[in-house]
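Summary of structural features
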Amino acid sequence: MTERDQIQQVLGKISKTPLPAHASDSLFDAGVLDSFSLVDLVAGLEQKFGIKIPDSDLNPRQFDSVERIEQYLQSRR
Amino acid sequence: MAFIKAFGDYLPANIVTNEHLAAQLKCDADWIFSASGIRQRRRALENESIADMATQAGRACLQSGGVDTEQIGLLIVASGSSPRRFPGPAAETAMKLGLPSGVASLDVGMASAGALYAMAIADSLAGRYGNVLVIAAERMTEIAWREPADANIAILFGDGAGACLISRDEGRAEIVDHALHSDGSFANDLRLEHDGTFLMEGRGVILQASRKLPAALTSLLNRNGWSADTVDMLLMHQANQNLMNRVAQAIGLPQGRMFSVIEQTGNTSSASMLIAAAEWSRQQASLTNKRIAFAAFGAGFHWGTMLAQGV
């Protein structure tokens, strides 16, 4: 399972709204995320990838698309 | 540690329902409730100042505590919506309350976490000043409803004032501990400019509050050997019902132990926690042995927690 698959799996657990067509599309604009499910997304990513995301990294734009989430996770390596 | 002797509050008479606000903002009344848990809020009269509302809440608190103005050693007034750069409303409130001439008053201008910070300061200064009257008063509708209003922000706010009397010697509950925190990394995410521009990056604020408040509460509980299920009531900043529910859930608070007035008052910024405390307190015949937790989070970001136990 690729990292993108794992991210999509986390998103699927917190939102019933289908993911947008492209990995670069906004998850907020697509209705997948809102202010409160964003909190669940961060917690889900921490659990899935075994990381602790510091509060200083919690910029909502960083998690606005599957592509941006991927880039963030890559920056943590 | 000092004691909490009494609470008081004041809400302007003018009620603004979701239906009324929805028509003004061109949004849906049911959406307002689902997004915030708010059904109505109060709006101050045009000539009703922050100091006026603070005075009313302060009087209610002094009356509840059976304390005269002559017995007050220090007044602290929290307000983030004060229209002047300086002075803040504290000295004017002291005058309107009729505190003896020369009694010190202090402004805490930090919006939503202001009442919690003021209570912690009062706890620390009560040993020197005796009775410290804490008041938080806000006119948020004037700011949040200013044209062009952002419905996501405007639906949340209301006007009002809350108060708490902290006493060195005796009261209904003893303050057990408190912890104050700040993080300036996101100072621009929630701010009121001097020209009246009000900006709130809601997603970021909720994300930060949802992480920082439960962590701070859990840390303070652990430090004092309390577990969440021994807390009888959580009195917190009434920011948004959905956020409050998340915080309570995150710390493992049993159902029914978080007191909320937001449905009737909206988010009154720093005043909200003390308005909730005053209403809850009126419903309690006795606080003896009751464990109370306070929590607030707001612009800055500043946040804080406090524990008190009924005596």
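As a starting point, this report considers the structure included with it. (Residues numbered from 1 in each chain as written. Chains lettered and ligands numbered in written order. Predicted model: local features only at pLDDT ≥ 70, side-chain atom pairs only at ≥ 80, totals over all residues.)

Observations regarding the overall build of chain A
Going by this rule: By definition, any uninterrupted DSSP run of H or I lasting at least four residues is a helix, any uninterrupted run of E lasting at least two residues is a strand, and each is numbered from the N terminus. Our radius of gyration looks at C-alpha atoms and nothing else; its globule reference is 2.2 Å times the residue count to the power 0.38. Field definition: a residue is buried when 20 or more other C-beta atoms are found within 10 Å of its C-beta, exposed when 12 or fewer are, and partly exposed for counts in between, with C-beta atoms placed from the backbone. In this description, a residue-residue contact is defined by the distance between C-beta atoms placed from the backbone, which must lie within 7 Å.
In terms of helices and strands, chain A carries 3 helices and 0 strands. When the helices and strands of chain A are placed in sequence order, the string is α-α-α. Relative to a compact globule of 77 residues, whose C-alpha radius of gyration would be 11 Å, chain A shows 11 Å and is just as compact. Expressed along its principal axes, the backbone C-alpha trace of chain A runs to roughly 30 × 25 × 20 Å. With 77 residues in all, chain A has 23% of them scored as buried. Partitioning the contacts of chain A with sequence separation of at least 6, the portion at a separation of at least 24 is 55%.

A short note on the overall build of chain B
Looking only at helices and strands, chain B features 11 helices and 14 strands. Judged by the C-alpha coordinates and their principal axes, chain B covers about 50 × 45 × 40 Å. By residue count, 55% of the 311 residues in chain B fall in the buried class.

With respect to the sheet that holds strand β1 (residues 3-10) of chain B
Residue and element names in this part refer to chain B. The condition is simple: Here a strand pair is declared whenever DSSP counts at least two bridges between the two strands. Angles shown run from 0 to 180 degrees and are taken between the N-to-C directions of axes, each axis being a line fitted to C-alpha atoms and, for helices, limited to the stretch in contact.
Read from one edge to the other, the open sheet built from 10 strands follows the order β5-β4-β6-β7-β1-β8-β14-β13-β11-β12, with strand pairing classed as mixed. Edge positions in the sheet fall to β5 (104-108) and β12 (258-259), since each has one partner strand and no second. Bridging between strand β6 (residues 131-139) and strand β7 (residues 159-167) involves 9 bridges; their strand directions are antiparallel. If you follow Leu133 over to β7, its bridge partner there is Leu165. Against the sheet, helix α4 (residues 90-97) touches β4 (72-78), β5 and β6, its axis set at about 135° to β5. Here helix α8 (residues 202-223) sits on the sheet and contacts β8 (173-182), β13 (291-298) and β14 (302-310); the angle it forms with β14, its principal contact strand, is near 35°.

Let's talk about the interface of chain B and chain A
Quick note on the threshold: Any residue outside Ala, Val, Leu, Ile, Met, Phe, Trp, Tyr, Cys, Pro, Asp, Glu, Lys and Arg is labelled polar, Gly included; the first ten of those are nonpolar and the last four are charged.
Taken together, the 13 residues of chain B in the interface contact 10 residues of chain A. Where the side of chain B that touches chain A is concerned, the elements lending two or more residues are α8 and α9 (241-250) of chain B. Of all the elements, α8(B) adds the most residues to the side of chain B that touches chain A, at 9 residues. Looking at the side of chain B that touches chain A residue by residue, the class counts come to 2 nonpolar, 6 polar and 5 charged.

Some words on the pairing of strand β11 (residues 233-236) of chain B
Residue and element names in this part refer to chain B. Rules: Crossovers are described as right-handed under a simple rule: with the strands pointing away from the observer, the path leading from the first strand over the helix to the second runs clockwise.
Across the two faces of β11 the burial is the same, with Met233 and Leu235 and Leu234 and Met236 all buried. Sheet topology note: the β11/β13 ladder contains 4 bridges and is parallel. Bridge pairing in β13 links Leu235 to Phe294. Pairing between β11 and β12: 2 bridges, direction parallel. Bridge assignment links Leu234 to a residue of β12, and that residue is Met258. Taken together, β11, α9 and β12 form a β-α-β motif whose crossover is right-handed.

Some remarks on unusual backbone geometry
All names here are of chain B. The residue after Phe86, namely Pro87, is reached through a cis peptide bond having omega -5°. Positive phi, close to 60°, is recorded for Ala111, a residue that is not glycine. The backbone phi angle of Ser269 is positive, close to 55°, even though this residue is not glycine. The topology assignment puts Ser269 in the loop between α10 (262-265) and α11 (271-282).

Points about the pairing of β6(B)
Residues and elements named next belong to chain B. Burial runs high along β6: 9 of the 9 residues are buried. Alternating positions in β6 separate into two faces, Asn131, Leu133, Ile135, Ala137 and Arg139 on one and Val132, Val134, Ala136 and Glu138 on the other, with burial throughout. Across 6 bridges, the pairing between β4 and β6 is parallel. Across the sheet, Leu75 pairs through a bridge with Leu133, a residue of β6.

Describing helix α3 (residues 50-65) of chain B
Residues and elements named next belong to chain B. Applied cut-off: Every helix has an expected span of 1.5 Å times one less than the residues it contains.
In this model α3 runs 22 Å from its N-terminal to its C-terminal C-alpha over 16 residues, within 8% of the 22 Å that 1.5 Å per residue would give. Counting buried positions over the 16 residues of α3 gives 12, a clear majority of the element. Looking at the buried side of α3, the elements it contacts are β1, β4, α4, β6 and β7. The first or second residue beyond α3 is Gly66, which carries a positive phi of 65°.

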